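Listed below, chain by chain, are the residues.
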Amino acid sequence: MYRRLTTDDTTAYRALRLAGLQECPTAFGSSFAEELALSDQDFAQQLMPGEDGCVIGAFDDDQLVGVVGVQQNRFEKMRHKAFVWGMYVASARRGAHVGRNPLNQALQFAGRLSGVSQVTLWVVRENQGACALYARAGFVTYGTEPAALQVANRFYDELLMVKFLGNSSAS
């Protein structure tokens, strides 16, 4: 089952997000220590209903096993763009296409936002599974940010990816 998360999902969302930050520190811009220090209210805030963003969850029975966020840019000159963030699937569920449906739902949500014509994301080059998922969803690489993340004294390049939606004149 896949659905938009609400503040009722805060406890499960927080647990999965922290597990992801611990397991895959190069997959996120923030760190486990930074987010461990956040309150439940901080996590609930990410799930608050909004017209310009949401977090989609994937469930196995009643257990949250995957998440992806999407947010429209808030600046007037960049409101034609939305950004995918926080994509994570629990390790036990990877390879079972658990991430595909939430990502597609996030893209559909972005496509319904007023004026959005493209969706962007950043992904560490070495995360081949995520890169392949995004490519299958129609994202293309438009650049690379060298040494975008530093984790445990090692630098990681990030691929900058974009998907132009059907309502785009730029595609």
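The structure we're discussing is the one just above.
No experiment lies behind these values; they were computed from the predicted model shown.

J.: Any details on the layout of surface pockets? Residues and values, ideally.
T.: The computed volume of the largest pocket comes to approximately 790 Å³. Around the largest pocket, the lining comprises 35 residues; the ones closest to its centre are Met87, Tyr88, Asn127, Ala130 and Tyr134. Mapped onto the lining of the largest pocket, the elements with two or more residues apiece are β4 (81-89), β5 (118-124), α5 (128-136) and β6 (140-151). At seven residues, the largest contribution of residues to the lining of the largest pocket is made by β4. Among the residues forming the lining of the largest pocket, the class breakdown is 19 nonpolar, nine polar and seven charged. Around the second largest pocket sit 16 residues that line it, and Gln45, Gln46, Met48, Gln71 and Arg74 are the ones nearest its centre. Those elements that place two or more of their residues in the lining of the second largest pocket are α3 (40-47), β2 (53-60) and β3 (63-72). A breakdown of the residues in the lining of the second largest pocket according to their chemical character gives eight nonpolar, five polar and three charged.

J.: Quick one: what's the story with unusual backbone geometry, residue by residue and with numbers?
T.: Unlike most non-glycine residues, Ala152 shows phi in positive territory, near 50 degrees. Among the structural elements, Ala152 can be located in the loop between β6 and β7 (154-164). Phi angles above zero are rare outside glycine, and Asn153 is one such case at about 65 degrees. Take Asn153: it is sitting in the loop between β6 and β7. Classification of Asn153 by relative accessible area gives exposed; the value is 73%.

What counts, and where the lines are drawn
Residues numbered from 1 in each chain as written. Predicted model: local features only at pLDDT ≥ 70, side-chain atom pairs only at ≥ 80, totals over all residues. Heavy atoms only, no water. 1 Å grid on protein atoms, 1.4 Å probe; cavity = no way out; pocket = protein on both sides within 12 Å on 5 of 7 lines; lining within 4 Å. Points joined across faces, edges and corners; volume = space filled by probe spheres on them. Helix = DSSP H or I, 4+ residues; strand = E, 2+ residues; numbered from the N terminus. Nonpolar A, V, L, I, M, F, W, Y, C, P; charged D, E, K, R; others polar. Buried < 20%, exposed > 50% of the residue type's maximum accessible area, 1.4 Å probe, protein only.

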